[in-house]
Amino acid sequence: MAKLQGFDFWNNTLKAARFVVAPMVDQSELAWRLLSRRHGAQLCYTPMLHAQVFVRDANYRRENLYNEVCEEDRPLITQFCANDPEVFLEAALLAQDYCDAIDLNLGCPQMIAKRGHYGVFLQDEWELLEKMIRLANEKLSVPITCKIRVFKEIEKTVCYAQMLEKAGCQLLTVHGRTKDQKGAMTGIASWEHIKAVRKAVNIPVFANGNIQHLSDVERCIQETGVQGVMSAEGNLHNPAIFEGRSPPVWEMAEEYLEVVKQYPPCTLSYVRAHLFKLWHHTLQIHQDLREELAKAKNLEGLADVSKKLRLRCQDVEEREDSLPFPHWICQPYVRPVPKEPVANGNSQGSEVKKTVCQKRALEDSDGSPDTLSKNKQKKRSRNPNKNFCPEQKPKYIKCEQCGNPKGNKCVFNLCRGCCKKKAYKEVADCPSHKTFFQPNVSQVLCESLEKRQISVFSQLLLHA
Ligand SMILES: Cc1cc2nc3c(=O)[nH]c(=O)nc-3n(C[C@H](O)[C@H](O)[C@H](O)COP(=O)(O)O)c2cc1C
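We now turn to the structure provided with this report. (Residues numbered from 1 in each chain as written. Predicted model: local features only at pLDDT ≥ 70, side-chain atom pairs only at ≥ 80, totals over all residues. Heavy atoms only, no water.)

It is worth spelling out the environment of isoleucine 77 at this point. Locating isoleucine 77 in the fold gives a position in strand 4 (residues 76-81). The exposure class assigned to isoleucine 77 is buried, which follows from its relative accessible area of 0%. The spacing of isoleucine 77 and threonine 46 is 31 residues in sequence and 6.4 Å in space, taken between C-alpha atoms. Beyond its immediate sequence surroundings of up to four residues, isoleucine 77 is in contact with Leu14, Leu43, Cys44, Tyr45, Thr46, Ala101, Ile102, Asp103 and Thr145. (Helix = DSSP H or I, 4+ residues; strand = E, 2+ residues; numbered from the N terminus. Buried < 20%, exposed > 50% of the residue type's maximum accessible area, 1.4 Å probe, protein only. Contact = heavy atoms within 4.5 Å.)

Right, here's the structure in full:
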């Protein structure tokens, strides 16, 4: 049968899915996808998989895709990060029989993506992207889709989307944030950009960003004209988001734990992370259980903590059920508003505007103290004088050979590694690096004493 394309693919294979669970590393695993589907999600993505590792490592393939195959988990899109057309194709060929489409991640803005040269860091390499998508579209039996971030300029974003469509992309997810809107500077996504892309291409478009309630989904579709809406953090904090319900957290937590048991194995750290997100608000109050949750060694341990949280909530519920937003109700995670306005002005979503969300600072941001990433905030709490401004960092004198900082008093003006090599080669000492090759006087005395003792001892033996 001929491969379905664009709207036919969306209508038939994806069954015109409107409610989509985002690809989420360590979080959109099978159990979570199944839970989300039970509560209204119509399409899910696997977490991002690394194409090169997928090709070379059979265990990685089994653990992250093959062993997760399950009838109820369709339609499913497998997402890869890749930067080489051949490798991407090879990985996609190995995955295509286990899913309904292959997605290329062009949105990841994190440091790890920068180092690995993938995700949003391919945003300017149109020729390479064109090649990757064209080859995949030609050779795969399932459609190829892309998930992108926007450029600051709407026109450039539109041209980018058109280029991807022309290369063979059959469905486009547009995350309405730029490459720099990450960590503490996440801010609001621009639906203006998404709307412009929707108008300019002839393939289905999913909008991503600013989705915290079902009302956001409906407004987004109305304002942008997209086919569907993708949620990541909104879904993690309320897996029933697409039902338009805000159930008690324990209902979702217990159902999730049941699914985990039913579909083993599920990595314990994923389960723990889900429980931390679900119970986020309650754990602000019952801080003592936070540590217990962090330290639980197995699924039963995690379930026990979850149960304790439920009992405490139910206890409080009876006494304080007049609270407008009780902490035990699934609800979005509201982050503090960044002090600086976000570059991307034209953003929508009245409810979202009130609850501006800054994403977790997973990636290193290099901003001011107001916008320090979580990692840097932790470092700052350990050392209040820590300075993250690159200009104000102390300047080190460089090793003459490799450019690393040189040892303070190194006699060769080198770093430890280079100094050791030089000292060894030249049989020379560097007291500052404690490398000694020239025997000193006491060493010589010791050695000769030792020799004398040995010879006396051997003579005694001879005469014995
Ligand atoms: C825990 C977590 C993991 C994520 N992993 C991925 C990923 O594997 N691939 C990807 O394209 N985006 C990933 N993202 C980004 C989301 O898919 C989404 O684009 C982003 O969170 C914005 O959507 P939201 O406003 O609904 O959270 C991740 C986000 C979160 C919170």
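Both trends apply: most residues other than glycine have a negative phi, and most peptide bonds are in trans. The omega torsion across arginine 74 and proline 75 is -5°, close enough to zero to call that bond cis. Cis geometry marks the peptide bond from proline 264 to proline 265, where omega comes out at -5°. With respect to the element layout, proline 265 can be found in the loop between helix 12 (249-262) and helix 13 (268-278). Phi is positive for asparagine 210, close to 75°, though the residue is something other than glycine. With respect to the helices and strands, the residue asparagine 210 is situated in the loop between strand 8 (205-208) and helix 10 (214-224). The exposure class of asparagine 210 is buried, given its relative accessible area of 3%. Within the chain, asparagine 413 stands out as a residue other than glycine whose phi angle is a positive 60°. Relative accessible area serves as the criterion here: at 30%, asparagine 413 is assigned to the partly exposed category.

A word on the site of the ligand. Taken together, 19 residues lie around the ligand, and Val25, Gln79, Lys147, Asn208 and Ala232 are the ones closest in. One nitrogen or oxygen atom from the main chain of methionine 48 is found 3.1 Å from an oxygen atom belonging to the ligand. Within the side chain of lysine 147, one N or O atom sits 2.8 Å away from an oxygen atom of the ligand. The protein chains hide 90% of the 600 Å² of surface that the ligand would expose on its own. For the shell around the ligand, a count of residues per class yields six nonpolar, eight polar and five charged. (Near = heavy atom within 4 Å. Polar contact = N/O pair within 3.5 Å; in protein donor to acceptor, adjacent residues only side chain to side chain. Areas by Shrake-Rupley, 256 points an atom, 1.4 Å probe, with all protein chains shown as cover. Nonpolar A, V, L, I, M, F, W, Y, C, P; charged D, E, K, R; others polar.)

Further remarks concern the side chain of serine 36. Structurally, serine 36 is set in helix 2 (residues 30-38). Accessibility expressed as a relative area gives 1% for serine 36, which makes it buried. Other than its neighbours up to four places away in sequence, serine 36 contacts Val21, Ala41, Asn235 and Pro239.

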